[in-house]
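Survey of secondary and tertiary structure
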Amino acid sequence: MKLQLALDLVDIPAAKLVVKEVADYIDIVEIGTPVVINEGLRAVKELKAEFPSLEVLADLKIMDAGGYEVIKASEAGADIITVLAVSDNDTIRGAVEQARKLNKKIMVDMINVPDIAARAQEVDSLGVDYICVHSGYDHQAAGKNSFEDLAVIKSVVRNAQTAIAGGIKLGTLPEVIKAAPDLVIVGGGITSQDDKKAVAAQMRQLIAQGQ
Ligand SMILES: O=C([C@H](O)CO)[C@H](O)[C@H](O)COP(=O)(O)O
């Protein structure tokens, strides 16, 4: 099981400082949607240049023009690019086609999908690399999480790897680990902590122990 650090509420210098602190404990660094909005794909470029041994995910949440946007994120150095599951199948196909050519990976974000089981099966058949259940900030504010959705995708997805994101903290990580996704995505659960390194290290340890 891999651990992805989501960076959402930082600028590029602050992002670099956080990654420097926790780099030993994470596999993937996510340049979150708000960072891309504020800083552009330059954020992807700079983080990849500074941390070449980490995979970098560009959370573009692509909704249209899948192929073109994957090309642009790839040029900036992204290894994984997100596309929304609520987008058209042709958008996802375009993203997957370019990702294959460029040796990149596509993560489909299931945020706001009404029928998780049915849509996960469809996007799985389109050849995506990851399918991620996600309670975004607005869902979290309404008290929701994606733990049940993770069990649903685990039961229907046959090809893609599974991932979960949205409000995961040290205290809730054991419940997530029990459901055995391939990838756990944590943002505020690390970035809002005083001792980010200690929390990331504990998360890594729990994952290694399978607890
Ligand atoms: O994708 C995200 C959200 O939509 C804001 O861009 C976050 O990266 C994701 O939710 C993980 O962050 P936390 O919820 O803070 O763990």
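Remember, predicted model here, so these are calculated numbers, not experimental data.

Quick notes on the rules
- Residues numbered from 1 in each chain as written.
- Predicted model: local features only at pLDDT ≥ 70, side-chain atom pairs only at ≥ 80, totals over all residues.
- Near = placed C-beta within 6 Å.
- Helix = DSSP H or I, 4+ residues; strand = E, 2+ residues; numbered from the N terminus.
- Nonpolar A, V, L, I, M, F, W, Y, C, P; charged D, E, K, R; others polar.
- Axes fitted to C-alpha atoms, helices over the stretch in contact; angles between N-to-C directions.
- Parallel < 35°, antiparallel > 145°, perpendicular 65-115°, else oblique.
- Left-handed = near helix turned anticlockwise from the far one by under 90°.
- Contact = placed C-beta atoms within 7 Å.
- Pairing = 2+ DSSP bridges.
- Expected span 1.5 Å × (residues − 1).
- Buried ≥ 20, exposed ≤ 12 C-beta atoms within 10 Å, placed from the backbone.
- Arc of directions from axis to C-beta.
- UniProt positions renumbered as here; feature names shortened; annotations may be inferred.

In the region of the ligand, 18 residues are neighbours, and Ala6, Thr33, Gly136, Gly187 and Gly188 sit closest. Listed by contribution, the elements that provide at least two residues to the shell around the ligand are α2 (33–39), β8 (183–186) and α10 (188–191). A per-class count over the shell around the ligand returns seven nonpolar, eight polar and three charged.

In helix packing, the relevant descriptors are the interaxial angle and the interaxial distance, both defined with respect to the helix axes. Axis separation between helix α1 (residues 12–22) and helix α11 (residues 196–209) bottoms out at 8 Å; the angle between their running directions is 50 degrees. Taken together, the axis directions place α1 and α11 in an arrangement best described as oblique. When you trace α1 past α11, the crossing you get is right-handed. In this structure, α1 contributes Val18, Glu21 and Val22 to the contact, and α11 contributes Lys196, Lys197 and Ala200.

Glancing now at the sheet that holds strand β3 (residues 55–62). With parallel pairing, eight strands are arranged side by side around a closed barrel as β1-β2-β3-β4-β5-β6-β7-β8. Between one strand axis and the next, the sheet turns through 25 degrees on average, direction left out of account. As paired elements, β3 and strand β4 (residues 80–84) share three bridges and run parallel to each other. Each bridged residue has a counterpart across the sheet, and for Ala58 the counterpart in β4 is Ile81.

Compared with the 20 Å implied by 1.5 Å per residue over 14 residues, the 20 Å span of α11 between its first and last C-alpha is a close match. Of the residues making up α11, those classed as buried are Val199, Ala200 and Met203. Take α11 and look down its axis: the buried residues cluster within an arc of 100 degrees, on one side only. Of the exposed residues in α11, those oriented more than 90 degrees away from the buried face are Gln205, Ala208 and Gln209. The inward-facing, buried residues of α11 abut β1 (2–7), α1, α9 (173–179), β8 and α10. Phi turns positive one or two residues past the end of α11, at Gly210, with a value near 70 degrees.

Our next topic: the UniProt feature "domain: Orotidine 5'-phosphate decarboxylase" (unreviewed entry) in the protein chain. Per the UniProt record, the feature "domain: Orotidine 5'-phosphate decarboxylase" (unreviewed entry) sits at residues 2–203. Taken end to end, residues 2–203 is 47% helix and 21% strand, and its first and last C-alpha atoms sit 11 Å apart.

It is worth spelling out the pairing of strand β7 (residues 161–165) at this point. In terms of residue burial, β7 counts as a mostly covered element, since four of its five residues are buried. Relative to β7, strand β6 (residues 130–134) runs parallel, the two sharing five bridges. Its bridge partner lying in β7, Val133 is registered against Ile164. Note that β7 and β8 share three bridges and pair parallel. Bridged to Ala165 within β8 is Ile185.

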